[in-house]
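# Structure at a glance
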Amino acid sequence: MTTVQKIKEIEDEMNKATSYHLGQLKAKLAKLRRELIAPSSGSGGGAAGVGFDVARTGVASVGFVGFPSVGKSTLMSKLTGTHSEVSEIDFTTLTTVPGTVKVHGAPIQILDLPGIIEGANDGRGRGRQVIAVARTCNLIFIVLDVLKPLGDKKIIETELEGFGIRLNKRPPAILVRKKERGGVAITNTVPLTKIDHDEIKAVLSEYKISNADVAIREPNATADDLVDIIEGNRVYIPALYSQIDAISIEEIDLLYKIPNSVPVSSKEWLNIDELIDSMWKALDLVRIYTKPRGLAPDYTAPVVLRHGKCTVGDFCNAIHKEIAKQMKYAIVWGSSAKHSRGQKVGLDHVLEDEDVVHISKK
């Protein structure tokens, strides 16, 4: 029996399982799906493969994902100036096509991925290779068919979820700490509304964890959340949804009801500014401008960092690793500075978007 057949068998069994048994089945399902994400050597399922993996450029990457012939390549070509084959025929794009667009002075890499089909996470239509590239992106841009956006959205999300991608989510606040003895101790600071102690113990049992402290601080935590934490190979990626060339006001109103949705027209070049602005916000980037001694700040080429990794030390390392060692202090102007005339700070100071920084060396 193949891995895909085993997954289908477990999914069928889950419909009639008890709480404890359901926990075991969800854990078994996750372990089988792990084989699809990272199959054994020679199986050829999980590696990106020839024509799919590309050299990364820019400060972040955005993967265009969708079914065949929904307009990904047309939009990508117009955004970046990179030619991506366009046709009414399905599967015109057969490899990953990279391009670059400048957003607020920062180069963002756009990856036009081949169209996926239902069953992609099980390997249909080279879907695993496509989704493997999507796992490495900083933002996933899902292009939906304007005639059936909600149906497409559900199918694509299911395919990505099956490959360990969690869209517009953060890691659940669940801690599993293994120990040598003492059995399983479960604590929770929020009510357990969608999982019980039996299900938790069933999941742990399937992973052969018999001694552990489990702390749940995630509201409405599920067995799937617990499995995600134990597996440890999930990626949490922001996503935007778009529909290309919506043709009526009624359609646009419907599409805007989808959270994180930005309908655009690549033919008429409508709403592209909102799309680019939404991409920038979703990527959560921070622009930092340099100021050489005695000169005005350089606003043409910002150093781009990520929120959460935007200290003065991160800024120095982004330019050259030796700068942090040579720095005596930095002077910062902008939102993170206490004074409009500038603030003297050290390597641990957290910078904010569009701060200006001067580095004084020892």
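Residues numbered from 1 in each chain as written. Predicted model: local features only at pLDDT ≥ 70, side-chain atom pairs only at ≥ 80, totals over all residues. Heavy atoms only, no water.

Where an unreviewed UniProt entry is consulted, the protein chain appears under the name P-loop containing nucleoside triphosphate hydrolase protein, with the organism given as Rhodocollybia butyracea.

## Brief notes about the overall build of the protein chain
Helix and strand counts for the protein chain come out as 11 helices and 15 strands. The proportion of buried residues among the 362 residues of the protein chain is 47%. In the protein chain, 64% of the contacts between residues at least 6 apart in sequence involve partners at least 24 apart. Here the protein chain has roughly 18,200 Å² of accessible surface; of this, 52% comes from carbon and sulfur atoms. (Helix = DSSP H or I, 4+ residues; strand = E, 2+ residues; numbered from the N terminus. Buried < 20%, exposed > 50% of the residue type's maximum accessible area, 1.4 Å probe, protein only. Contact = heavy atoms within 4.5 Å. Areas by Shrake-Rupley, 256 points an atom, 1.4 Å probe, with all protein chains shown as cover.)

## A word on the pairing of strand 8 (residues 212–216)
Of all the 5 residues making up strand 8, 4 are buried; the element is thus mostly covered by neighbouring parts of the structure. Where strand 6 (residues 174–178) lies against strand 8, 5 bridges are found, and the strand directions are antiparallel. Across the sheet, Leu-175 pairs through a bridge with Ala-215, a residue of strand 8. Summarising the sheet, strand 7 (residues 184–188) and strand 8 pair through 5 bridges and their orientation is parallel. Across the sheet, residue Ile-186 finds its bridge partner in strand 8, namely Val-214. (Pairing = 2+ DSSP bridges.)

## Let's talk about the packing of aromatic side chains
All chains considered together, the criterion is met by 2 aromatic pairs. Relative to Phe-141, the ring of Phe-64 has its centre 4.7 Å away and its plane inclined at 40°; by these criteria the two rings are tilted. Here Phe-141 lies in strand 4 (residues 139–144) and Phe-64 lies in strand 1 (residues 60–66), a separation of 77 residues in the sequence. In this pair, the class of Phe-64 matches that of Phe-141, namely buried. Where Tyr-289 meets Tyr-299, the ring centres are 4.8 Å apart and the plane angle is 65°; that geometry is what we call edge-to-face. Separated by 10 residues along the polypeptide, Tyr-289 in strand 11 (residues 285–290) and Tyr-299 in strand 12 (residues 298–306) bring together distant segments of the chain. A residue is classified by how much of its surface remains accessible, and Tyr-289, at 6% relative accessible area, is buried. (Phe/Tyr/Trp six-rings, centres within 6.5 Å; stacked < 30°, edge-to-face > 60°.)

## Let's talk about the packing of helix 6 (residues 197–206) against helix 7 (residues 223–231)
Following both chains from N to C, one finds helix 6 and helix 7 inclined at 30°, their axes separated by 10 Å at the closest point. Between helix 6 and helix 7, the angle is such that the two are roughly parallel. Crossing handedness for the pair helix 6 and helix 7: right-handed. Here Glu-199, Ile-200, Val-203 and Leu-204 of helix 6 lie close against helix 7, whose contacting residues are Ala-223, Leu-226, Val-227 and Ile-230. In the contact of helix 6 with helix 7, the residues fall into 7 nonpolar, no polar and 1 charged. (Axes fitted to C-alpha atoms, helices over the stretch in contact; angles between N-to-C directions. Parallel < 35°, antiparallel > 145°, perpendicular 65-115°, else oblique. Left-handed = near helix turned anticlockwise from the far one by under 90°. Nonpolar A, V, L, I, M, F, W, Y, C, P; charged D, E, K, R; others polar.)

## Re the sheet that holds strand 4
Strand order in the open sheet formed by 5 strands is 2-3-1-4-10, and the pairing between neighbours is mixed. Each edge of the open sheet carries a strand with a single partner, namely strand 2 (97–103) and strand 10 (239–243). Strand-to-strand twist across the sheet, computed as the mean angle between neighbouring axes with direction ignored, equals 25°. Examined bridge by bridge, strand 1 and strand 3 (residues 106–112) share 5 bridges and lie parallel to one another. The residue of strand 3 that forms the bridge with Ser-61 is Gln-109.

## Concerning the sheet that holds strand 7
If you walk across this open sheet you meet the 3 strands as 6-8-7, and the pairing is mixed. Of all the strands in the sheet, the pair left with one neighbour each is strand 6 and strand 7. Put simply, the sheet's adjacent strands are angled 10° from each other on average, direction ignored. On the sheet, helix 6 packs against strand 6, strand 7 and strand 8 and is oriented at approximately 135° with respect to strand 7.

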